[in-house]
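Descriptive structure summary
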Amino acid sequence: MSRIGSKSIPVPAGVKVAIDGKEVSVEGKLGKLALTLDESISAAVEDNHIHVTRVSDEGNNKALHGLYRSLLKNHVTGVSQGYKKELQIIGVGYKAILAGTRLTLSLGYSHDIVFQVPAGIKITVTDGVKLLIEGADKQVVGEVAASIRKFKKPEPYKGKGVRYADEHVVIKPGKT
């Protein structure tokens, strides 16, 4: 039995889980997320807990069992509490400006970078250099943060660029 897949997922108050065949939809105060299960995986709701089971003990089915259990847990957590990532912009003249659903980044290039914020994601800019990315879907929040970071990764000599708030950049010594 999968150690992760065999654990049940508690459903907090205010979260509704609907299972229609292989379609699982989770709805809470922060939104609604849906997931399509693999044909070898099934889910059931009993006593405010989601139980994920698999058809057989083949290697691939064991891996999918834990995967889909983790995905469902992420959906339940996302619609009840949400996910967030923090980014910092380091560098003289580097800044971010949010106008509606367009994030404009000045990162030392000859032009500004315009990033269209996807639906379901909320970005907050403070002091022009701190970004807070929030949303219900863990994967989308991580993707948006990685996309913004990819525009100007921290360079190893001065540390300028876009980095995660908890990221440590090792600074190399310069030429002597």
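Check the entry above for the structure.
All values reported here derive from a predicted model rather than from experimental measurement. In this numbering scheme, every chain counts its residues from 1 along its sequence in written order. Two thresholds apply to this predicted model, a pLDDT of at least 70 for residue-level local features and 80 or more for giving and counting side-chain atom pairs, whereas whole-chain, interface and lining totals are computed over all residues. Hydrogens are left out, water is left out, and the side-chain values use all remaining heavy atoms of the structure.

1. Structural notes on the nonpolar core
- In this description, a nonpolar core means a group of buried Ala, Val, Leu, Ile, Met, Phe, Trp, Tyr and Cys residues linked to one another through side-chain atoms lying within 4.5 Å. Each residue is placed in one exposure class: buried if its accessible area under a 1.4 Å probe, protein chains only, is under 20% of its type's maximum, exposed if it is over 50%, and partly exposed if it falls in between. Counting 20 residues, the largest nonpolar core has I89, L103, L105, I123, L131, I133 and I148 as the members making the most contacts within it.
- Those elements that place two or more of their residues in this core are β7 (83-90), β9 (102-106), β10 (113-116), β11 (121-126), β12 (130-135) and α2 (138-150).
- Only DSSP runs of H or I covering at least 4 residues are called helices, and only runs of E covering at least 2 are called strands; the numbering of each starts at the N terminus. The dominant element in this core, judged by the number of residues it contributes, is α2, at 4 residues.
- Listed in part, the 18 residues of the second largest apolar core include V15, L35, L37 and I50.

2. Quick look at the packing of aromatic side chains
- Side-chain rings of Phe, Tyr and Trp, where Trp is taken by its six-membered ring, are said to pair if the distance between their centres is within 6.5 Å; with planes under 30 degrees apart they count as stacked, over 60 as edge-to-face, and otherwise as tilted. Across all of its chains, the model carries 1 aromatic pair by this definition.
- Measuring from ring centre to ring centre gives 6.1 Å for F115 and F151, while their planes differ by 70°; the resulting arrangement is edge-to-face. You can see F115 sitting in strand β10 and its partner F151 sitting in the loop between α2 and β13 (161-164), a full 36 residues away along the chain.
- Across the ring face of Y164, the terminal group of K85 is positioned such that the distance to the ring centre comes to 5.5 Å.
- The ring of Y109 is capped by K152, whose NZ or CZ atom sits 4.7 Å from the centre of that ring. Sitting over a ring, as applied to charges here, requires NZ of Lys or CZ of Arg to be within 6 Å of the ring centre and within 35 degrees of the ring normal.

3. As for the pairing of strand β5 (residues 41-46)
- By the convention used here, strands pair only if DSSP detects at least 2 bridges between them. In terms of strand pairing, β5 meets strand β6 (residues 49-54) through 6 bridges, oriented antiparallel. When the sheet's bridge partners are listed, I41 is paired in β6 with R54.
- In this antiparallel pair of consecutive strands, β5 and β6, the connection spans 2 residues, and D47 shows a positive phi of 50°.

4. Some words on α2
- To estimate the expected span of a helix, subtract one from its residue number and multiply by 1.5 Å. Over its 13 residues, α2 runs 18 Å from end to end, which matches the ideal 18 Å to within 8%, given 1.5 Å per residue.
- Contacts made by the buried residues of α2 are with β7, β9, β10, β11, β12 and β13. By definition in these notes, contact holds between two residues if any of their heavy atoms fall within 4.5 Å.

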